[in-house]
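# Geometric and topological summary
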Amino acid sequence: MNHRQILDAALRSQPAPRSRYLNLVADRVERDGRFADRTHLLYPVLARAAGTVEPMLEPVEFVDLLAEFLAHHGAAIGAALYDRAYLKDPDRALAGPASLLSGWISARILDGLQSGRYSPPADRTYRFHSDSGDMDGALRGFPFHEEDAAAD
């Protein structure tokens with residue numbers, strides 16, 4: 001089976017710039033030996049996360065991130081794909097790995113923005129949030145935690 005078809009189907013519903021970007025990434029994945037016999041794990045998760053991917057990272061950097069992600073989470077992705085729940089509701093079964101991948105991508109973009117490697121497009125506004133709403137530790141009270149500490 002050509003597992004890239006899973007990604008290609010998901011990209012049909014994405015905006016053209018995101019679709020072009022992810023097609024470039026997928027073309028690089030196809031030529032990269034690190035993904036040999038592992039694209040069946042990658043493409044379903046990338047398809048599920050496609051709507052959250054911002055085309056800011058260089059495709060080469062994005063492919064490196066995907067290889068690292070798959071090295072760390074490949075077993076968990078495989079478990080999700082081969083679970084009976086995947087047959088009933090693939091989107092729900094892959095929600096966890098897709099959310100994790102989205103987090104990795106967001107973290108890499110934020111690191112690039114902070115270091116000045118990337119600059120946000122002038123016509124975009126980004127908002128990051130926690131799915132669970134739990135904010136503990138240093139992020140509690142964000143963005144006001146510095147003001148709260150100064151008032152104490």
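Bear in mind the structure is a predicted one, so any value in this text is a computation, not a measurement.

The subject of this paragraph is the nonpolar core. Counting 36 residues, the largest nonpolar core has Leu22, Val29, Phe35, Phe62, Leu66 and Leu101 as its most contacted members. Elements with a contribution of two residues or more to this core: α1 (4–11), α2 (16–31), α3 (39–49), α4 (59–81) and α7 (95–115). The leading source of residues in this core is α4, at 10 residues.

Here we take up the side chain of Ser19. Mapped onto the secondary structure, Ser19 falls in helix α2. Setting aside its immediate chain neighbours within four residues, Ser19 contacts Leu11 and Gln14.

When the pLDDT values of the protein chain are averaged, the result is 85; 81% of them are 70 or greater. Averaged pLDDT values over the elements of the protein chain bottom out at 50 in helix α8 (residues 145–151) and peak at 96 in α2.

Turning our attention to the pattern of salt bridges. If you walk through the whole model with that rule in mind, you get nine salt bridges. A salt bridge links Glu54 to Arg18, with the nearest nitrogen and oxygen atoms 3.5 Å apart. Pair noted here: Glu54 is in the loop between α3 and α4 and Arg18 is in helix α2, with a separation of 36 residues, a long-range link. Assigned by exposure class, Glu54 and Arg18 land together as buried. Arg34 serves as the salt-bridge partner of Asp32, at 2.7 Å between the closest nitrogen and oxygen.

Each value, and the rule that gives it
Residues numbered from 1 in each chain as written. Predicted model: local features only at pLDDT ≥ 70, side-chain atom pairs only at ≥ 80, totals over all residues. Heavy atoms only, no water. Core = buried A, V, L, I, M, F, W, Y, C linked by side-chain atoms within 4.5 Å. Buried < 20%, exposed > 50% of the residue type's maximum accessible area, 1.4 Å probe, protein only. Helix = DSSP H or I, 4+ residues; strand = E, 2+ residues; numbered from the N terminus. Contact = heavy atoms within 4.5 Å. pLDDT = per-residue confidence, 0-100. Salt bridge = Lys/Arg side-chain N within 4 Å of Asp/Glu carboxyl O.

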